[in-house]
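Take a look at the letters that make up each chain.
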Amino acid sequence: MNDIVIIGAGGHAKVIKDIINDNNYYNILGVIDANLKKGELWQSNIYCLGNDLDLCNIYKSGIENIVIGIGNNLALRTKIYKNIKKIGFNLPIIAHKSAFISKTSIIDEGTVIMPLAIINSYAKIGKYAIINSGAIVEHDCNIEDNVHIAPGACILGGVKVGNNTHIGAKAVIIQSLEIGANTVVGAGAVVTKNILNNKKVMGVPAK
Ligand code: JB3
């Protein structure tokens, strides 16, 4: 079994840990965290390997696979992504076995797909995105890098979502719309019109 390291030790990392263990494909070597001490126990038999400054040595010791396990800070996720790519790590796609992922979809490195998510025909998902528990990404969607589709959100067919955008839990995006980059769609919102970059919208219909 290949080894993998998780960056972060909070709620998102716990879900990723369970997915990896459930899939039984990677062996979790440890976590890298800013607030745990090296050698400190995190969760059952998984220890902290150090902080971000230790990543170079971990890579040099022969560990190639890593997953970003921090979910709610999109800017920090990008900083970490750039750092681990520079070092040379491989970022596999981590997808729970209960997720439906169409064979015609295209998913880029470092993306995590949580239990019961659906990614339908010809959808495209960028780098280190999060398709959270039970979220639906319908056919022909184009979800760019570092987008977080929160639990239960439903993105109908042919929608484009720009880089670093957060789609809140249970939000609905009507088909064929374009949601800009660096935008936040509130939980439960129903988006019926295109949304520009750098916006925050909420409500039904979303404003
Ligand atoms: O709602 C759901 C289903 N998931 C949420 C997820 C998307 O976001 C979840 O409920 C949480 O609210 C949030 O989870 P996340 O991102 O794991 O946040 P938190 O539980 O606060 O844990 C963040 C972890 O990142 C902590 O262990 C911090 O110590 C660690 N951390 C913070 N800054 C860092 C850094 N770790 C490293 N390696 N480097 C940092 O710069």
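Residues numbered from 1 in each chain as written. Predicted model: local features only at pLDDT ≥ 70, side-chain atom pairs only at ≥ 80, totals over all residues. Heavy atoms only, no water.

## A word on the sheet that holds strand β7 (residues 100-101)
Two orientations exist for strands paired in a sheet by backbone hydrogen bonds: parallel and antiparallel. Pairing in this open sheet of 6 strands is parallel, and the strands run β7-β10-β13-β16-β19-β22 from one edge to the other. Of all the strands in the sheet, just β7 and β22 (190-191) have a single pairing partner and so form its edges. (Pairing = 2+ DSSP bridges. Helix = DSSP H or I, 4+ residues; strand = E, 2+ residues; numbered from the N terminus.)

## So, the site of the ligand
Taken together, 18 residues form the shell around the ligand, and within it Gly11, Asp33, Asn35, Asp52 and Gly71 come nearest. The separation between an oxygen atom of the ligand and a polar main-chain atom of Gly10 is 3.4 Å. In the environment of the ligand, an oxygen atom lies 2.6 Å from a nitrogen or oxygen atom belonging to the backbone of Gly71. The protein chains hide 66% of the 820 Å² of surface that the ligand would expose on its own. (Near = heavy atom within 4 Å. Polar contact = N/O pair within 3.5 Å; in protein donor to acceptor, adjacent residues only side chain to side chain. Areas by Shrake-Rupley, 256 points an atom, 1.4 Å probe, with all protein chains shown as cover.)

## Quick word on the packing of aromatic side chains
For the coordinates displayed, the defined rule picks out 3 aromatic pairs. Taking 4.7 Å as the distance between ring centres and 80° as the angle between the ring planes, the aromatic pair formed by Tyr25 and Tyr26 counts as edge-to-face. Under the relative-accessibility criterion, Tyr26 is labelled buried at 12%. Judged by centre distance (4.2 Å) and plane angle (15°), the ring pair of Tyr81 and Tyr128 falls under stacked. Of the two residues, Tyr81 is situated in helix α3 (residues 74-87) and Tyr128 in the loop between β11 (124-125) and β12 (130-131); the sequence distance between them amounts to 47 residues. Here Tyr81 and Tyr128 have matching classes, each one buried. (Phe/Tyr/Trp six-rings, centres within 6.5 Å; stacked < 30°, edge-to-face > 60°. Buried < 20%, exposed > 50% of the residue type's maximum accessible area, 1.4 Å probe, protein only.)

## Observations concerning the pattern of salt bridges
Opposite charge on two side chains permits pairing when their charged atoms draw close. Following the criterion strictly, the structure yields 5 salt bridges and no others. The partner of Asp18 in a salt bridge is Lys17, with the nearest N and O atoms 2.9 Å apart. According to the relative accessible area criterion, Asp18 is partly exposed, its value standing at 46%. Taking relative accessible area as the criterion, Lys17 reaches 10% and is therefore assigned buried. (Salt bridge = Lys/Arg side-chain N within 4 Å of Asp/Glu carboxyl O.)

## Quick word on α3
The end-to-end C-alpha separation of α3 is 20 Å, in line with the 20 Å expected for 14 residues at 1.5 Å each. Along α3, the positions that sit buried rather than exposed are Leu74, Arg77, Thr78, Ile80, Tyr81, Ile84 and Ile87. Gly88 sits one or two positions beyond α3 and adopts a positive phi of about 120°. (Expected span 1.5 Å × (residues − 1).)

## Some words on the sheet that holds strand β14 (residues 142-143)
Across the sheet, which stays open at both edges, the 5 strands sit in the order β8-β11-β14-β17-β20 with parallel pairing between neighbours. This sheet does not close on itself; its edge strands, each paired only once, are β8 (106-107) and β20 (178-179). Across 2 bridges, β11 lies against β14 in parallel orientation. Within β14, the residue paired with Lys124 across the bridge is Asn142.

## A look at the side chain of Asn132
You can see Asn132 is positioned in the loop between β12 and β13 (136-137). The exposure class assigned to Asn132 is buried, which follows from its relative accessible area of 11%. Among residues more than four places away in sequence, those in contact with Asn132 are Met114, Ala117, His148, Ile149, Ala150 and Pro151. (Contact = heavy atoms within 4.5 Å.)

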